[in-house]
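# Reading the structure
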Amino acid sequence: MATVVPISSCLVVGAGISGLLAAHELREAGVEVTVLDKGRGVGGRMATRRFGESGGAVFDHGAQFFTVRGERFGSLVEGWLAEGAVAEWSRGFPTPQQTPEDGHPRYRGSEGMTSIPKHLARTLDVRSGEMVAGVDLRDSGWRVTAESGTGYEADALLITVPAPQALSLAESGGFRLASEDREALAAITYDPCVALMARLDEGESPVPEPGGLQIKSEPLDWISDNHTKGISPEPGLTIHAGPGWSSRHYEDPDEEVTGSLLELAGETLGADLGPRVRETSVARWRYSWVTEPHPEPCLTASSQFPMIFAGDGFGQPKVEGAALSGLAAADRLLGRG
């Protein structure tokens, strides 16, 4: 592990939970932090979308919920619960074969999964819609240039986007990674997920309580009703295809994806969904499931002016792992670990 020198400023690329939590920790320690993200909002796959007349249907179309296993993440979630950013959803989900209740809480954002990153971003300098075009190391530190033409400079650089994008960004200028760091990033792999959002007419939900059906198979992985979940005033299904189906059909036209996933979900639920569907939208997550993570929670690639990589491809999986990765990166930059 490289020893990181003290810093006074940091640029964070990626406004998912890893980048936002790291930025929080750094700002609390007195570091000047700017967060850059190509999206219109924050959160990455902790994403919520609204559509329909007057925006009547709300969909979590990326990450659906999260759990707590460790003390550090648990203390954060307790604070989010107290502040109204998080709510408990359930203590188990049915599968097509059974209805388990294991007593372990599953949490959601209070108004959708994006509520959590929005809550974190309130006190941060976040520049949304800022696509990073180039990264370079200069005598005074890191310079990041956006496609808008705006340049940003800082002592340290934290990159939290998916590893293939991070690898490309890191070497987009004159800086070159050490071979072992390049190999470590290239070894992180992902499976894609194709998601369908389907706004339904009023009526009984086809998804059993508590509004989520955990399939974890092929061709479908998950089906939820966002109304039963408690985030949408209208019925609206989120359907996630499994990684195999998603890989085979990732580039298919939206109308083909929509027809196939509605038919597959209807077969799984024992319901004819077609007549109830009022509106649909397809989302594609190229880097959805981490299939081969980096074993450590973050990776330091430069120490004089630190460059650190973090995100859900490092350490533990899922939302908690991504959060802990961001915290570990901040710890390293602050000399705490």
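Summarised in this report is the structure supplied together with it. (Residues numbered from 1 in each chain as written. Predicted model: local features only at pLDDT ≥ 70, side-chain atom pairs only at ≥ 80, totals over all residues. Heavy atoms only, no water.)

### Examining the nonpolar core
- The biggest cluster of nonpolar side chains holds 43 residues, and the ones touching the most others in it are Cys 10, Ile 17, Phe 66, Phe 73, Val 77, Trp 80 and Leu 158.
- If you list the elements that add at least two residues to this core, you get β1 (9-13), α1 (17-28), β2 (32-36), α2 (71-83), α3 (115-121), β11 (156-159) and α9 (318-333).
- Among the elements that line this core, the one with the most residues is α9, at 9 residues.
- With 30 residues, the next largest nonpolar core counts Val 161, Leu 185, Ile 188 and Phe 309 among its residues. (Core = buried A, V, L, I, M, F, W, Y, C linked by side-chain atoms within 4.5 Å. Buried < 20%, exposed > 50% of the residue type's maximum accessible area, 1.4 Å probe, protein only. Helix = DSSP H or I, 4+ residues; strand = E, 2+ residues; numbered from the N terminus.)

### A look at α9
- With 16 residues, α9 should reach 22 Å at 1.5 Å per residue; the first-to-last C-alpha distance of 23 Å fits that figure.
- The element α9 is largely enclosed, with a buried count of 15 among its 16 residues.
- Two residues or fewer past α9, Gly 335 is found with a positive phi of approximately 75°. (Expected span 1.5 Å × (residues − 1).)

### Details of the environment of Ile 223
- Assignment of secondary structure puts Ile 223 in strand β14 (residues 220-225).
- The spatial distance from the C-alpha of Ile 223 to the C-alpha of Thr 268 is 9.2 Å, given a sequence separation of 45 residues.

### Focus: the packing of α1 against α9
- Orientation of α1 relative to α9, taken along the N-to-C sense of each, is 35°, at an axis distance of 7 Å. As α1 runs across α9, the sense of the crossing is right-handed. Each of Ile 17, Ser 18, Leu 21, Ala 22, Glu 25 and Leu 26 in α1 lies in contact with α9, whose residues at this interface are Val 319, Ala 322, Ala 323, Ser 325, Gly 326, Leu 327, Ala 330 and Leu 333.
- When its residues are assigned to classes, the contact of α1 with α9 shows 10 nonpolar, 3 polar and 1 charged. (Axes fitted to C-alpha atoms, helices over the stretch in contact; angles between N-to-C directions. Left-handed = near helix turned anticlockwise from the far one by under 90°. Contact = heavy atoms within 4.5 Å. Nonpolar A, V, L, I, M, F, W, Y, C, P; charged D, E, K, R; others polar.)

### Considering the sheet that holds strand β9 (residues 141-146)
- The antiparallel open sheet is built from 3 strands, whose spatial order is β8-β9-β10. Both outer strands of the open sheet, β8 (132-138) and β10 (151-154), are each paired with one neighbouring strand and no more. In this sheet, neighbouring strand axes are inclined to one another by 20° on average, regardless of whether the strands run parallel or antiparallel. (Pairing = 2+ DSSP bridges.)

### A word on α2
- When the terminal C-alpha atoms of α2 are compared, their 18 Å separation across 13 residues agrees well with the 18 Å that a helix rising 1.5 Å per residue should span.
- Restricting attention to buried positions, one finds in α2 the residues Phe 73, Gly 74, Val 77 and Trp 80. All buried residues of α2 fall inside an arc of 120° around its axis, so they share one side. Away from its buried face by more than 90 degrees, α2 exposes Glu 71, Glu 78, Ala 82 and Glu 83.
- Tucked into the core, α2 has its buried residues touching α1, β5 (86-90), β6 (106-109), α3 and α9. (Arc of directions from axis to C-beta.)

### Observations regarding the pattern of salt bridges
- Using the criterion set out here, one finds 16 salt bridges in the structure.
- In this structure, the salt-bridge partner of Glu 251 is Arg 286, at a minimum N-O distance of 3.6 Å. Remark: Arg 286 occurs in strand β16 (residues 277-292) and Glu 251 occurs in the loop between α7 (243-249) and α8 (254-269); sequence separation between them is 35 residues.
- Judged by its relative accessible area of 43%, Arg 286 falls in the partly exposed class.
- Overlapping salt bridges bring together Glu 25, Arg 72, Asp 331 and Arg 336 as one network. (Salt bridge = Lys/Arg side-chain N within 4 Å of Asp/Glu carboxyl O.)

### Focus on the pairing of β8
- The pairing of β8 with β9 spans 6 bridges and is antiparallel. Within β9, the position partnered with Val 135 by the bridge is Val 144.
- Hairpin connection, β8 to β9: the antiparallel pair is bridged by 2 residues.

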